[in-house]
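An overview of the molecular structure
The lines below spell out each chain.
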Amino acid sequence: MIPEYLLIMRTLKLGNNFLVYIIPGLIWVYNMILVRSFIDGLPPALQEAAQLDGANDFQIWYKVVMPLCTPVIATIALYYAVGQWNSFMDTYLYAKELPTLQYKLYEIMSQATMQLDTHTTTNATQAVTPMAIRMAVTVVATVPIIVMYPFVQKYFVGGMTLGAVKN
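A few words on the nonpolar core. In terms of nonpolar packing, the biggest core is built from ten residues, these being L34, F38, L42, A50, I60, V64, V65, C69, V72 and I76. Of all the elements in the fold, those that place two or more residues in this core are α2 (29-40), α4 (57-68) and α5 (70-85). Per element, the largest residue contribution to this core is three residues, and it comes from α4. In this view, A50 contacts A55, I60 and V64; residues no more than four positions away in its chain are not counted. If you look at the next biggest cluster of nonpolar residues, it comprises six residues, including L14, V20, Y21 and A95.

This is the structure:
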């Protein structure tokens, strides 16, 4: 975490900038391994056929390999979206002026806890408990991901099975 902080704040100077949510997680090693293993599993005959038809390396990559990589790209997009959706520390460390939903929900929960602490000292009853607020925050945080998943499910299943044993 310290090298990432030094890279973002000192070298890239991305403090309180929207790019702090995009650039640090752009290239993850796991995603690169996932894409590489998927591309290695493609039949080499497709690339050879395109080369015989006169396509250069860029055309082979753009017109043959990339359209076949839709499942793995959708899988990575889902991983990235869920990772950024659940991102709390990015806002907490780098961009408090551009808060994410998770950071706002954290603030709501901490305010509810502080209100409970002040009410318990005065023996007042509270209509909404911190547990109820925690459950509402959980629903707000999970519903968008649950709504998004069915749209990418067919690609996600195809991308997740790329590491399976082939006969």
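Next comes the rest of the account.
Together, L7, L12, F18, L19, I22, I23, L26, I27, V29, M32, I33 and L98 make up an exposed nonpolar region whose accessible area comes to about 1100 Å². Examining the composition of the nonpolar patch, we find that three residues originate from one element, α2, more than from any other. Within the element layout of this structure, L19 appears in the loop between α1 (2-11) and α2. Its relative accessible area of 37% is what places L19 among the partly exposed residues.

With that settled, consider the side chain of T100. Position of T100 relative to the elements: it lies in the loop between α6 (89-93) and α7 (101-121). In contact with T100, not counting residues within four places along its chain, are Y21, S87 and T91.

A separate point is the pattern of salt bridges. Under the criterion given, the structure shown has two salt bridges. Across the pair R36 and D40 runs a salt bridge whose closest N-O atoms are separated by 2.9 Å. A residue pair is termed a helical-turn pair when its members lie 3 or 4 positions apart in one helix, as R36 and D40 do in helix α2 at four residues. There is no split in this pair, since R36 and D40 are both exposed.

A separate point is the packing of helix α3 (residues 44-52) against α4. Following both chains from N to C, one finds α3 and α4 inclined at 155°, their axes separated by 10 Å at the closest point. Between α3 and α4, the interaxial angle falls into the category roughly antiparallel. You can see that α3 and α4 cross each other, and the crossing is right-handed. Within the contact between the two elements, α3 uses L46, Q47, A50 and Q51 and α4 uses I60, V64, V65 and L68. Its residues assigned to classes, the contact of α3 with α4 comprises six nonpolar, two polar and no charged.

This brings us to the side chain of Q102. Inspection of the secondary structure assignment puts Q102 in helix α7. Here Q102 falls in the buried class, since its relative accessible area comes to 15%. Filtering out sequence-adjacent residues up to four positions away, Q102 remains in contact with W85, N86, S87, F88 and A141.

Each value, and the rule that gives it
Residues numbered from 1 in each chain as written. Predicted model: local features only at pLDDT ≥ 70, side-chain atom pairs only at ≥ 80, totals over all residues. Heavy atoms only, no water. Core = buried A, V, L, I, M, F, W, Y, C linked by side-chain atoms within 4.5 Å. Buried < 20%, exposed > 50% of the residue type's maximum accessible area, 1.4 Å probe, protein only. Helix = DSSP H or I, 4+ residues; strand = E, 2+ residues; numbered from the N terminus. Contact = heavy atoms within 4.5 Å. Patch = residues over 30% accessible without salt bridge, like charges linked within 9 Å, V, L, I, M, F, W, Y side chains within 5 Å. Areas by Shrake-Rupley, 256 points an atom, 1.4 Å probe, with all protein chains shown as cover. Salt bridge = Lys/Arg side-chain N within 4 Å of Asp/Glu carboxyl O. Axes fitted to C-alpha atoms, helices over the stretch in contact; angles between N-to-C directions. Parallel < 35°, antiparallel > 145°, perpendicular 65-115°, else oblique. Left-handed = near helix turned anticlockwise from the far one by under 90°. Nonpolar A, V, L, I, M, F, W, Y, C, P; charged D, E, K, R; others polar.

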